[in-house]
Amino acid sequence: MTSVDQMLANIRVVLVNTDHPGNIGGAARALKNMGLTEFYLVDPKEYPSERARWRAAGAQDVLDGAIVVPELKDAIADCGLVFGTSARQRTIPWTVLDVREAALKAVESSVNNKVALVFGREDRGLTNEELQQCQIHLSIPSDEEYGVLNVAAAVQVVCYELRMAALAEIEQESKEQWDIEYATAEDVERLYQHMEKVMTEVGFYDPNIPKQLSTRVRRLLGRSRMDRMEVNILRGFMAAVERKMPD
């Protein structure tokens, strides 16, 4: 039978532009506590850092294995499903799951796909542009009068729920089955760019007057969690449209 650690092996935690190295160390400790190992740091303000190592305590192996990249897209390019943590309401509603629902979906999807859970900056979280790179937004229910969670604490909550979801999945011995791998974040981003190009060429979309059309298209396609063949079908259709256009 698959072990919990094996089920969590395809799930990574991504911290974006972290200010305080202590939070990086605390997050590494949270991963170690719950059996996760993939740890990505996007443009951290201070890393490597002795403060991070001190906070990591016995999780230096996770900290030492952290992969540092310059942009979020580099951390999620090979992922089939990406969750972005968010506590704010957005102009355009997005698919939002609470942490328990998100953990269940992440574990189910990680059977055949890389899954990322992205955490934002201490003071302002993830930007709208970063959240648009995530198919699903994740929230942690908290008290209305004081709903502010430290980044490392938020990572601990999410990692705990992931482990509980993996335990439940093993107990039920029910895994999500699919005939083809999900498209990666990089595949989907190329599809979005191709769609915008074709929509512009046929006069359906004016990049100078977007009125959030591009964002809504991303939301529409993001909800479906497309597999590689589905992305190829859409790109093939758009290529056929381009061939029919006059020179």
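Rules and cut-offs
- Residues numbered from 1 in each chain as written.
- Predicted model: local features only at pLDDT ≥ 70, side-chain atom pairs only at ≥ 80, totals over all residues.
- Heavy atoms only, no water.
- Buried < 20%, exposed > 50% of the residue type's maximum accessible area, 1.4 Å probe, protein only.
- Helix = DSSP H or I, 4+ residues; strand = E, 2+ residues; numbered from the N terminus.
- Pairing = 2+ DSSP bridges.
- Axes fitted to C-alpha atoms, helices over the stretch in contact; angles between N-to-C directions.
- Parallel < 35°, antiparallel > 145°, perpendicular 65-115°, else oblique.
- Left-handed = near helix turned anticlockwise from the far one by under 90°.
- Contact = heavy atoms within 4.5 Å.
- Nonpolar A, V, L, I, M, F, W, Y, C, P; charged D, E, K, R; others polar.

## Regarding the pairing of strand E6 (residues 115–119)
Thinking step 1. Most of E6 sits inside the fold, with five of its five residues counted as buried.
Thinking step 2. The side-chain alternation of E6 yields two buried faces, one formed by Val115, Leu117 and Phe119 and the other by Ala116 and Val118.
Thinking step 3. Pairing of strand E1 (residues 11–16) with E6, which is carried by five bridges, proceeds in the parallel orientation. Within E6, the position partnered with Val14 by the bridge is Val118.
Thinking step 4. Bridge count for strand E4 (residues 81–85) against E6 is four bridges, and the pairing is parallel. Its bridge partner lying in E6, Phe83 is registered against Leu117.

## Things to note about the packing of helix H2 (residues 21–34) against helix H8 (residues 151–172)
Thinking step 1. Across the interface, H2 lies against H8 with an axial gap of 8 Å and an inter-helix angle of 15°. Accordingly, the angle class assigned to the pair H2 and H8 is roughly parallel. For the element pair H2 and H8, the recorded crossing hand is right-handed. Taken together, the residues of H8 that come into contact with H2 (itself represented by Asn23, Gly26, Ala27, Ala30, Leu31, Asn33 and Met34) are Val151, Ala152, Val155, Gln156, Cys159, Tyr160 and Arg163.
Thinking step 2. Its residues placed into classes, the contact of H2 with H8 shows nine nonpolar, four polar and one charged.

## Regarding the sheet that holds E1
Thinking step 1. Pairing is parallel in the open sheet, where seven strands are placed in the order E3-E2-E1-E6-E4-E7-E5. Only two strands of the sheet have a single partner each, and these edge strands are strand E3 (67–69) and strand E5 (96–98). In this sheet, neighbouring strand axes are inclined to one another by 25° on average, regardless of whether the strands run parallel or antiparallel.
Thinking step 2. One ladder, built from three bridges, connects E5 with strand E7 (residues 136–139); its direction is parallel. Bridge assignment links Val96 to a residue of E7, and that residue is His137.
Thinking step 3. Running over the sheet, H2 touches E1 and strand E2 (38–42) and is turned about 160° from E2.
Thinking step 4. Helix H6 (residues 99–109) contacts E1, E4, E5, E6 and E7 of the sheet and is inclined by roughly 100° relative to E5.

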